Amino acid sequence: MTLPNPALHGDYSTLFSFLPIGAYRCNAEGKMVRVNPALVRLNGYDTEAEMLGAVNDVAREWYVDPGQRAEFLRLLDRDGYVRGFVSEIRRHRTRERIWVSEHAHNVRDTEGKLLYYEGTVEDITAQVQAQDELRRSEEQLRLMTSQVPGMVFVVHVSPDGRRQYRFVSSGVRDIYGFTPEDVMRDATLLERTLHPEDRVILEADTKLIRESPVDLGGEFRIVMPDGSIKWVYRRSCAVSSDSTGYVRVGVLLDITARKQVEADLRKSEAVWKLALESAGDGVWDWNLQSNEEFISQGIKAMYGYADEELANVAEELDSRTHPDDLPQMQADRQAHFEGHTATYRNEHRVCCKDGSWKWVLSRGMVIARDTDGKPLRMIGTHTDITELKRAEAHQRALEIQLRESQKMEAIGTLAGGVAHDFNNLLAAILGNLALAQEDVGLHHPARESLVEIQRAAMRARQLVQQILTFSRRQTQELQHQLLTPLVQEALDLLRSLLPAGVRLNARLPSTPLPVMADATQVQQVLMNLCTNAWQAMDNQAGEVAVALRAVEVDAAQALRVEGLSSGHYACLSVADNGPGMDEDTVRRIFEPFFTTKPPGAGTGLGLAVVHGIVKAHRGAIDVTSKVGEGTRFDVYLPLAAQVMPTPQALATPQAAVSLPGAEATSPHLIYIDDYEAMTFLAGRLLRKQGFKVTTFESGEAAVAWLTQHPQEPIDLVLSDQNMPGMSGVDVAREVRQLRPGLGVAIVSGHVSDKLLADAAEQGVLEVMGKQDSMDALAEAIRGLLSQVSARPTD
């Protein structure tokens, strides 16, 4: 563009200053010459002059990927402008990483010479993070719905009737031939396939959706590209609404085969009956005057009866209809008799010969009436829709699972926060206990009580660590693990959760039994199996037995357990003396969403999760159960080779390394913790251990002191990680700039993989868990000081 009118420049300058997003101007060489207040704040500075003086190389100082700068300039040079250029940057002063969207354009003089370029910068971190979280949720939903027949969808319907699919399962390919991405990109793809005569159904649905959060169901036709027609069954319900429209979830099922059979059957009664029989639907023909009813062999076989086992009278089927469904069935039938409905249609359950219940869709029509309109003859069909009902139940279970996963995420976050604060309290208790034990001496009457308090506090700390372990969400990582201590740790936590009247017995080997496993997931397997065992007892007294042993599986044994091959295994068994299960239940026990609990008492995912974890560990699981005799689960995990200790680990521990100058001066430590009682206690106890200690209750205060005392000799900085304001990693970053050679260590009650990675990036010596005693902390500090003294100097 050419240079703007100077008369307007003042107005634009005012707008430049008051823009809510960052704005800047760079000269032809790419150096910033103007930045507005919003961009100054975004980069952590107070004034425009301060920022302009600090920024030198935008590519290396601002962009996380310096190559983005070259791409930005390339687009600007090629097009004369850049729009919506998304990059990850660092706030120039604080180095915090954020996501931004940039817009820019060139400004040239009348001869086309580049004078400068200017643009805007908008912080879009929240949007990027929200998009990442949405992608993770959609992937979980995609995996779950891939197991559900038909097309599962989430759709947003705007007030004007326009649809936007937010999720579409892979089943859309089987019905329409489209990919999920096609449909989410263009919602009208599905609408355009509607049969012209059925478009009124879409219009009626849209009208109903606008009026209220209604559940919808029914059938419609679609026209395929080759001109063929498919029938589709739909069912959907509303989950939320706002000013932008309505969000609905639903399922589409291809019912073309069944509809084709129905159409063929209408051609003649004989062909109609024969075709339905061959398609699996049963036929009935009811003489309303004599009450005789022809019941086809297909219907009888559907419910497990031979032809001669059911008499041809109407009461045979009515008497086997579920009591809860009978009133509605009779009401629908009467409505058709009286002419209120063109056809009879009802869904109900029928008791089979083996005592199980099947859902059937019963459809029929009166084909003969007398002169007064009284019905004389009615014919119809029974269609087994049990699987369809299960699919609908699966859909409802998916919705429950989504809500449960959100609830569990919140619980995990809460557990982590509570455990951090509780760790600080325990550290203060244990530290003051150590001081009290020193004060009272070995023979004081209170000594025994103090020891018991210490035991209880240590047990509390172990429980906190276990809670943190089980609330952590992480990807599976198979590592060499010793199974026996893993099982023992999970049992220690389970004992505190036992219901009244339930005994937990364990039989563990003295050998550690090495396996390749994800420790958290193996403990989750044991937790789920034990919880399932005592829940099956339904508040009755009982016993749960846990056993672990090494077994050798031969070829004959391997054939009896699905997924098991011959070899050496660790076998983890969980047995109970509860009510047990019948064979049908055992066959379905690992199906997702299958549960024998009443509605609201379980999601049916516990054992499915166990099965998935065991399979992912290349193991197998076997279940043995009889009604009245209890249940036993056997989990087989392949044994791994024993990892031998390294020569260094076997060597005799050496005496502590003497610190240079230790005879003359005590090592000077800086100790940082936002918990006042902890800083007071740590300072007091570490001084008793021979250290010089300066304590601070915030990272900001410690950094400010280091800035003000550049000549003060410091040997080590020890900081808590989770603090308001600056974290331990933030402190390490600032110390690295102030004193590059000064060692920093971080203490945390919950050491995660992310914390280890962030700390390593800032050159932290070590990330330590909360120590059980100040003696242990002092010993760890001496080891760190030895590392510092061994570092090469510049």
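Given the structure is predicted, the values throughout are model-derived calculations rather than measurements.

This paragraph deals with the overall build of the protein chain. A count of helical and extended segments in the protein chain gives 28 helices and 27 strands. Put simply, 58% of the contacts in the protein chain that link residues at least 6 apart link residues at least 24 apart. Counting every atom, the protein chain has about 42300 Å² of accessible surface; 53% of that belongs to carbon and sulfur.

Turning next to the sheet that holds strand β27 (residues 766–769). Pairing in this open sheet of five strands is parallel, and the strands run β24-β23-β25-β26-β27 from one edge to the other. Edge positions in the open sheet fall to β24 (692–696) and β27, since each of these has one partner strand only. For this sheet the average axis-to-axis angle between neighbouring strands, irrespective of direction, equals 20 degrees. Together, β23 (668–672) and β24 form the strand contacts of helix α25 (residues 699–708), whose direction differs from that of β23 by roughly 150 degrees.

Averaged over all residues, the pLDDT of the protein chain is 82; the fraction at 70 or higher stands at 85%. Of all helices and strands in the protein chain, the one with the weakest mean pLDDT is helix α23 (residues 647–650) (38), whereas α25 scores best (94). When the criterion is pLDDT under 50, residues 1–10 qualifies, and its contacts beyond four places in sequence or with other chains add up to 14 contacts. For residues 643–664, every residue scores under 50 in pLDDT, and the model assigns this stretch seven contacts once sequence neighbours within four places are set aside.

Side chains that differ in sign of charge can pair as their charged atoms come close. If you walk through the whole model with that rule in mind, you get 37 salt bridges. Asp307 is the partner of Lys300 in a salt bridge, and the nearest nitrogen-oxygen pair spans 2.8 Å. Residue class for Lys300 comes out buried when judged on its relative accessible area of 2%. Across the salt bridge formed by Arg782 and Glu779, the nearest N and O atoms sit 3.9 Å from each other. Here Arg782 pairs with Glu779, and both are found in helix α28 (residues 774–790), just three residues apart, close to one helical turn. Connected through salt bridges with shared partners, the residues Arg91, Glu96 and Asp123 form a single ionic network.

The rules behind each value
- Residues numbered from 1 in each chain as written.
- Predicted model: local features only at pLDDT ≥ 70, side-chain atom pairs only at ≥ 80, totals over all residues.
- Heavy atoms only, no water.
- Helix = DSSP H or I, 4+ residues; strand = E, 2+ residues; numbered from the N terminus.
- Contact = heavy atoms within 4.5 Å.
- Areas by Shrake-Rupley, 256 points an atom, 1.4 Å probe, with all protein chains shown as cover.
- Pairing = 2+ DSSP bridges.
- Axes fitted to C-alpha atoms, helices over the stretch in contact; angles between N-to-C directions.
- pLDDT = per-residue confidence, 0-100.
- Salt bridge = Lys/Arg side-chain N within 4 Å of Asp/Glu carboxyl O.
- Buried < 20%, exposed > 50% of the residue type's maximum accessible area, 1.4 Å probe, protein only.

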